[in-house]
Amino acid sequence: MRLLALIMVAALAGCSAPPPPPVAAPVDQMMLNEARAGGLAFALDRPAEAVTHYRAALARARLRDDLPSITDAGTNLAVAELRANQPEQALADARATRGELARRGAADVPVLDLVEATALYRTGQTAAADQMASLVQRAGDPQAAARASFLRGLIADAHGDAAGLAAARQALDPQVDSEQAADATELESRQQLRLRNFAAARTYAEQAASLRRDLPDYRGLARDLALAAQAAQGQGDTQAASDLYLRAGRSAAVQGNNADARIWLQHAQSGDPAVAEQARQILAALAP
Amino acid sequence: MIRLRNTDEWVGVLVLLAIAAFVGGVLQAGLLRDWFRPVSTLRILLPEAGTGGLAVGAGVEVLGTHAGVIKRIVIDPRQRMYAEAEIDDQARAFIRRDSTAVIRREFGVAGAGYIDVLRGHGADMDWKYAVIEANTERAPGDTVSSLIDDVRQKIFPILDDAGRAMHALADTAETINRGEGNVGKLLHDDTLEKQAEATVAQLQQLLAGVAGIITQANATVTDVHGLIRGGDGKDSVQALLRRTDETLASLQTASRSLAQAAQHAPAIAGNVEGSTANLPALLTQAQVSAQELEMLLTQLRGLWLLGGNGAAPPVPQQRLPASQVRP
């Protein structure tokens, strides 16, 4: 009888509920909803919708005068704008949020600085972008620092600075995660291209494109395909170069990255007639 | 009796001098050089028509330079005629598989025959069994005869055609002179001129008729005007006008009703706008509800009763990670 009682007590103890979670601080439900909807839209690769929701979340955060929420919503808004191919707007919003942080004596947010550096790079202000990226490298956020190193590598390559490119490549560790592996492989390809080792450059660029496809990072994928096309052109394989440029331009066109799409599709017209015709059709369908 | 002393020695000296003179002569003639010069054998297949004056001992030239001699000409009814030539090794480099030989005469149409081997550019010759084809150079006389034949074949038909053309031209001229045919009639017969004059006269009559038709048309137009203003057709035209008035009146009524209905359009549009204004928020709420449902499912999956480990669901990150910032 005693044994039965003990078994029942143990069973009842097993059925007991876990301790209740601590009560969360009251928040603005509308702001949370907008922020979550923005995150969902961003995850579903609908950056324009994400921009709308993050902007509404930022407005609610400003309504509450809630600095952490302003920082989060402002950063997310700028990231979504970058994804939606609005680098000028992303730069303005990132600067506005950073200015508010500075006025209120809050610490810099490395991701926000990284967004600003990237927006500067994409608007052609490479010197300022490089300076901002160097700040991010020293800010102590390893993930942001790695992406800043990659950005500095791209800038160094654009300026023909082989030493800067090599330093950026050295700063990345492909073993950390797939993002860094893809970035390191792309910079490796750019180094080989600079050394005129076109076969190796093409192999690395195609590897980087494959890694970006798995992430997924389609903007980087299109850029790596164009890099592979450049290497193929160096090898004298104009057919392959034309095909790779077509693939890069087509991907960029679907992403709404019309500026890069135009350049790559124009390059694609110098090869196989069928590829050239396809490139002409996509170019004609691009919005002005 | 004179007795020569040392006769044997003198005879020996004479023999030695003769041998020395012979060796000197041979060396001077270059025979030894020929004997020791490295040569290769080349078979030259001769044309079916004959050797073309080629004989044993005839020279073989490569690039205009003497490069060998014909050593043997083989004439055998069972196979094609060929000549065997010895070729200097220094000329071997210019004789390839695609080389051909031409049998020429020393002075074009006369003289001894010789073989001119043309330089080849193909694969190297297998000198263990080197064979090339030879052709006979065409005699200049043959070329001239052939040329005359060609010219005769082309010129005589032209002359025949020219003769026929002249005959035809003469016939035509005679026909015209006799006033036959279209051109002859035109030149000798005035019928055509008379016909043209008659045609012009008919055209004038036709124009007079057209003027009458225009006058009648004017009269008809005047009648129509009269009909519209009054007269016999007055009732029908007025009925038509009356119907038009009625139609216009109906149209006016319809447009007035439309104007009244249009006054409600802003209100309708406002209602539509009000109804659709909440749609984005509704969509947002739906999305968030769906997300929360997903989180609930995640939480349920974590319950130990349903086989989970009881761990709390991961808290969603508020800020997007740096990896989402893409250059």
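Residues numbered from 1 in each chain as written. Chains lettered and ligands numbered in written order. Predicted model: local features only at pLDDT ≥ 70, side-chain atom pairs only at ≥ 80, totals over all residues.

S.K.: Help me out: how do you make sense of the overall build of chain A in this one?
M.R.: Per the secondary structure count, chain A includes 15 helices and 0 strands. Counting only residues that meet the buried cut, chain A has 49% of its 288 residues in that class. Excluding contacts between residues fewer than 6 apart, the proportion of contacts in chain A whose partners are at least 24 apart in sequence is 47%. (Helix = DSSP H or I, 4+ residues; strand = E, 2+ residues; numbered from the N terminus. Buried ≥ 20, exposed ≤ 12 C-beta atoms within 10 Å, placed from the backbone. Contact = placed C-beta atoms within 7 Å.)

S.K.: Help me understand the confidence of the model for chain B, please; the structure alone is not making it clear to me.
M.R.: Caution is warranted with low-pLDDT regions, since their predicted coordinates should not be read in detail. Model confidence for chain B is summarised by a mean pLDDT of 81, while 88% of its residues fall at 70 or above. With pTM at 0.52, the complex prediction returns an ipTM value of 0.84. (pLDDT = per-residue confidence, 0-100.)

S.K.: What exactly am I supposed to notice about the packing of helix 2 (residues 29-43) of chain A against helix 4 (residues 67-83) of chain A here?
M.R.: A pair of packed helices is captured by two measures, namely the crossing angle of their axes and the spacing between those axes. All names here are of chain A. Two elements in contact, helix 2 and helix 4, have axes whose closest approach is 11 Å; the angle formed by their N-to-C orientations is 25°. Between helix 2 and helix 4, the angle is such that the two are roughly parallel. Crossing handedness for the pair helix 2 and helix 4: left-handed. Residues Met 31, Ala 35, Gly 38 and Phe 42 of helix 2 touch helix 4, and the partners they reach there are Ser 69, Ala 73, Asn 76 and Ala 80. Across the contact of helix 2 with helix 4, the residue classes break down as 5 nonpolar, 3 polar and no charged. (Axes fitted to C-alpha atoms, helices over the stretch in contact; angles between N-to-C directions. Parallel < 35°, antiparallel > 145°, perpendicular 65-115°, else oblique. Left-handed = near helix turned anticlockwise from the far one by under 90°. Nonpolar A, V, L, I, M, F, W, Y, C, P; charged D, E, K, R; others polar.)

S.K.: Would you explain unusual backbone geometry in this entry?
M.R.: Generally, phi is negative for residues other than glycine and the peptide bonds are trans, each holding for most cases. Residue and element names in this part refer to chain A. In this structure, the amide linkage connecting Leu 215 to the following residue, Pro 216, adopts the cis form with an omega of -5°. By secondary structure assignment, the location of Pro 216 is in the loop between helix 11 (198-214) and helix 12 (218-235). Of note, the phi angle at Asp 45 is positive, near 60°, even though the residue is not glycine. Looking at the element boundaries, Asp 45 is found in the loop between helix 2 and helix 3 (47-64). Phi at Asp 65 is positive, roughly 50°, even though this residue is not glycine. Inspection of the secondary structure assignment puts Asp 65 in the loop between helix 3 and helix 4. The class for Asp 65 is exposed, based on 9 C-beta atoms found within 10 Å.

S.K.: Explain the nonpolar core to me, please; I cannot follow it from the model alone.
M.R.: Generally speaking, nonpolar side chains in soluble globular proteins are found buried as a group. Residue and element names in this part refer to chain A. Leu 114, Val 115, Ala 117 and Leu 151 are the most contacted members of the largest nonpolar core, which has 53 residues in total. Top element by residues in this core is helix 8 (residues 142-158). It accounts for 9 residues. There are two domains that each give this core at least three residues, and those are domain 1 (31-107) and domain 2 (108-171). Ranked by size, the runner-up nonpolar core spans 30 residues in total, among them Ala 201, Tyr 245, Ala 252 and Val 275. (Core = buried A, V, L, I, M, F, W, Y, C linked by C-beta atoms within 7 Å. Domains from an automatic or database assignment.)

S.K.: Sorry, what's going on with the pairing of strand 6 (residues 113-117) of chain B here?
M.R.: Residues and elements named next belong to chain B. Alignment of strand 2 (residues 59-62) against strand 6, held across 3 bridges, turns out to be parallel. Bridging from a neighbouring strand, Val 62 pairs with Val 117 of strand 6. In this sheet, strand 6 lies alongside strand 5 (residues 100-105) in antiparallel orientation, the contact comprising 5 bridges. Counterpart to Ala 101 in the pairing with strand 6 is Val 117. (Pairing = 2+ DSSP bridges.)

S.K.: How should I be thinking about the interface of chain A and chain B in this particular structure?
M.R.: A common way to express how large an interface is: the accessible area buried when the components associate. Contacts between the two partners involve 31 residues from chain A, matched on the other side by 17 residues from chain B. With 8 residues, the top contributor of residues to the side of chain A that touches chain B is helix 2 of chain A. Of the residues in the side of chain A that touches chain B, the class split is 14 nonpolar, 8 polar and 9 charged.

S.K.: How do you make sense of the confidence of the model for chain A when you look at a structure like this?
M.R.: Confidence in the prediction for chain A averages 90 pLDDT; 91% of positions are at 70 or higher. When the criterion is pLDDT under 50, residues 13-17 of chain A qualifies, and its contacts beyond four places in sequence or with other chains add up to 0 contacts.

S.K.: Would you explain helix 10 (residues 178-194) of chain A in this entry?
M.R.: Residues and elements named next belong to chain A. Its 17 residues give helix 10 an end-to-end C-alpha distance of 24 Å, which sits within 8% of 24 Å, the value for a rise of 1.5 Å per residue. With 14 of 17 residues buried, helix 10 is to be regarded as a mostly interior element. Trailing helix 10 by a residue or two, Arg 196 shows a phi angle of about 65°, which is positive. (Expected span 1.5 Å × (residues − 1).)

S.K.: Explanation requested: the pairing of strand 4 (residues 82-88) of chain B in the structure shown.
M.R.: Where a strand is regular, its side chains alternate between the two sheet faces. Residue and element names in this part refer to chain B. Residues Ala 83, Ala 85 and Ile 87 point to one face of strand 4 and are all buried, whereas Tyr 82, Glu 84, Glu 86 and Asp 88, pointing to the other face, are not buried. Pairing of strand 3 (residues 65-74) with strand 4, which is carried by 6 bridges, proceeds in the antiparallel orientation. Of the residues in strand 4, the one forming a bridge with Val 69 is Glu 86.

S.K.: What is the right way to look at the sheet that holds strand 5 of chain B in this model?
M.R.: Either a parallel or an antiparallel arrangement is found when strands of a sheet pair, and the pairing is made through backbone hydrogen bonds. All names here are of chain B. Pairing in this closed barrel of 7 strands is mixed, and the strands run 1-4-3-2-6-5-7 around the ring. The average undirected angle you get between the axes of adjacent strands in this sheet is 35°. One ladder, built from 4 bridges, connects strand 5 with strand 7 (residues 130-136); its direction is parallel. Residue pairing for strand 7: Val 102 is matched across the bridge by Asn 135.

S.K.: For this particular structure, what's the right way to read the environment of Leu63(A)?
M.R.: Residue and element names in this part refer to chain A. By the secondary structure assignment, Leu 63 is in helix 3. With 12 C-beta atoms packed within 10 Å, Leu 63 lands in the exposed category. Taking the C-alpha atoms as reference points, Leu 63 and Asp 28, 35 residues apart in sequence, are found 9.9 Å from one another.

S.K.: Explain helix 9 (residues 162-171) of chain A to me, please; I cannot follow it from the model alone.
M.R.: Residues lying three or four places apart along an α-helix face the same way, a consequence of the helix completing one turn every 3.6 residues. Residues and elements named next belong to chain A. For helix 9, the full list of buried residues reads Leu 165, Ala 168 and Arg 169. Seen end-on, helix 9 carries its buried residues on one side only, within an arc spanning 100°. Of the residues in helix 9, the exposed ones pointing more than 90 degrees away from the buried face are Ala 163 and Gln 170. Buried residues along helix 9 sit in contact with helix 8 and helix 10. (Arc of directions from axis to C-beta.)

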